[in-house]
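Spelled out from the first residue to the last, the chains are:
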Amino acid sequence: MRKFVIWFLLPLLTLSACVNEEEFPDTAQGNFEALWKIIDEHYCFFDYKQHEYGLDWNSIYNIYKVRAREEANKYQLFEVFTDMLSELRDGHVNLYSAFDNGRYWSWHEDYPTNFSDTLQRKYLDTDYRIASGMRYRILDDNIGYAYYGSFTSPVSDSGLNEILRYFAFCNGIIIDIRENGGGDLTNAEKLAARFCNEKTLVGYLQHKTGKGHNDFSDLEPQYIEPSSNLRWQKKVVVLTNRGVFSAANDFVKYMKCFPRVKIVGDQTGGGAGMPYTNSLPNGWTVRFSACPSYDKDRQQVEFGIEPDYFVSLSDDDFRQGKDSLIEFARKLLAE
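Residues numbered from 1 in each chain as written. Predicted model: local features only at pLDDT ≥ 70, side-chain atom pairs only at ≥ 80, totals over all residues. Heavy atoms only, no water.

**Q** Give a description of the pairing of strand S14 (residues 274-279) that names residues and reports values.
**A** Regular strands show a simple pattern: their side chains alternate between the two faces of the sheet. Buried residues dominate S14, accounting for five of its six residues. One ladder, built from six bridges, connects S14 with strand S15 (residues 285-291); its direction is antiparallel. Looking at the pairing, asparagine 278 lines up with valine 286 of S15. (Buried < 20%, exposed > 50% of the residue type's maximum accessible area, 1.4 Å probe, protein only. Helix = DSSP H or I, 4+ residues; strand = E, 2+ residues; numbered from the N terminus. Pairing = 2+ DSSP bridges.)

Now the structure itself:
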């Protein structure tokens, strides 16, 4: 999930649209036509996903139109619509009804988690501190460790100042965002600014300008500027896995642009499209990606960002009570 405050996105975020019920009646076929058309005219990744895995939205229409039978009950119809939306392979695409939320979770369910809260408790112990949504402590090799589980947790300047002061004499910091599914993009930007010493290009954004699949604005640069508060000047390792999504994915995109930062773990889950909502004649709401973002090299990050070092949680380490990713990060920071 994301929440955006970037000024040129605000008009997009404040909009939600309703399908014209006179054009699309509240019938199985009417709701199907409405849903397909909403995605067809506003979704932002058609060309990219056609190139990546052969998505053909017109063929999807033909396949699922016959399944949207008038005699289907609402639960059956909801399943058909959710299956159709899952063809987009996008965790930002959801269908909401009073009885269920349609979702696509294969972006992380089909991969090893490379994270264990049981192991993490051994590293944090019981005397860890809590500030700005983070649990943090200094490990016995003088490495700072902070776990941030969700960017929905507010980040305050005072809280970040306290964390950085606490870590001041550490040799480096591990920022663990494994299983962080996103949240408020402002928090990602505010945290990244603590590791930035000059205005840095971190990516690009586009906006949908029309109903065609290729109707987009020019790329607009996205920058992170240094925080006016305390900033970290030593090495940093960010731990990632497939559960890193949306605003957390953007945080990794930002951090890869800073010279003292390394990314360790698995490829992130992705989620580069900024979401938009619309409604069907029957009252169901669909959320989907309508505004693509890119990294500083103008490459899509919709399907995730590769780490600098691929490291998996090994069975041997797990049996010994060790987190392979944390241990790798500690060695990297000690070099």
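**Q** Break down the nonpolar core for me, with residues and values.
**A** In this structure, Ile39, Phe81, Phe251 and Met255 are the most contacted members of the largest nonpolar core, which totals 78 residues. Here this core takes seven residues from helix H2 (residues 28-42), the largest share from any one element. Once residues within four sequence positions are removed from consideration, isoleucine 39 is found in contact with Phe46, Trp57, Leu85, Leu88, Val286 and Phe288. Counting 19 residues, the second largest nonpolar core, distinct from the first, contains Tyr123, Tyr147, Val237 and Leu332. (Core = buried A, V, L, I, M, F, W, Y, C linked by side-chain atoms within 4.5 Å. Contact = heavy atoms within 4.5 Å.)

**Q** An account of the sheet that holds strand S12 (residues 235-240) is requested, with residue identities and associated values reported.
**A** Reading across the sheet, the seven strands line up as S5-S6-S7-S8-S12-S13-S17 and stay open at both edges, with mixed pairing between neighbours. Each edge of the sheet is formed by a strand with only one pairing partner; in this case those strands are strand S5 (129-131) and strand S17 (309-310). Examined bridge by bridge, strand S8 (residues 172-176) and S12 share five bridges and lie parallel to one another. Its bridge partner lying in S12, isoleucine 173 is registered against valine 236. Where helix H8 (residues 157-166) meets the sheet, it contacts S5, strand S6 (134-138) and S8, and its direction lies at approximately 20° from that of S6. (Axes fitted to C-alpha atoms, helices over the stretch in contact; angles between N-to-C directions.)

**Q** Could you give an account of helix H4 (residues 57-65), with specific residues and numbers?
**A** Burial in H4 covers these residues: Trp57, Ile60, Tyr61 and Tyr64. Around the axis of H4, the buried residues are gathered within 105° of arc, so they sit on the same side. Taken together, the buried residues of H4 touch H2, helix H3 (46-53) and helix H5 (74-86). By the N-cap criterion, in which a side-chain oxygen at the helix start approaches the backbone nitrogen of a residue two or three places on, H4 is capped by aspartate 56, the distance to asparagine 58 being 3.1 Å. (Arc of directions from axis to C-beta. Polar contact = N/O pair within 3.5 Å; in protein donor to acceptor, adjacent residues only side chain to side chain.)

**Q** Before we move on, could you go through the packing of helix H9 (residues 185-192) against helix H10 (residues 247-255) and cite the residues and values that matter?
**A** Where H9 contacts H10, the axes come no closer than 9 Å and their chain directions differ by 25°. Our classification of the angle between H9 and H10 gives roughly parallel. Between H9 and H10 lies a crossing whose hand is right-handed. Across the interface between the two elements, Leu185, Ala188, Glu189, Leu191 and Ala192 from H9 touch Ala247, Asp250, Phe251, Tyr254 and Met255 from H10. Among the residues forming the contact of H9 with H10, the class breakdown is eight nonpolar, no polar and two charged. (Parallel < 35°, antiparallel > 145°, perpendicular 65-115°, else oblique. Left-handed = near helix turned anticlockwise from the far one by under 90°. Nonpolar A, V, L, I, M, F, W, Y, C, P; charged D, E, K, R; others polar.)

**Q** An account of the sheet that holds strand S16 (residues 293-295) is requested, with residue identities and associated values reported.
**A** An order of S11-S10-S16 is seen for the three strands of this open sheet, with the pairing classed as antiparallel. Edge positions in the sheet fall to strand S11 (220-224) and S16, since each of these pairs with one other strand and no more. The average angle at which neighbouring strand axes cross in this sheet is 35°, direction not considered. Inspection of the sheet shows strand S10 (residues 200-205) paired to S11 by five bridges, in the antiparallel sense. When the bridges of S11 are listed, tyrosine 204 appears paired with proline 221. Contacting S10, S11 and S16, H10 runs over the sheet at an angle of about 30° to S16.

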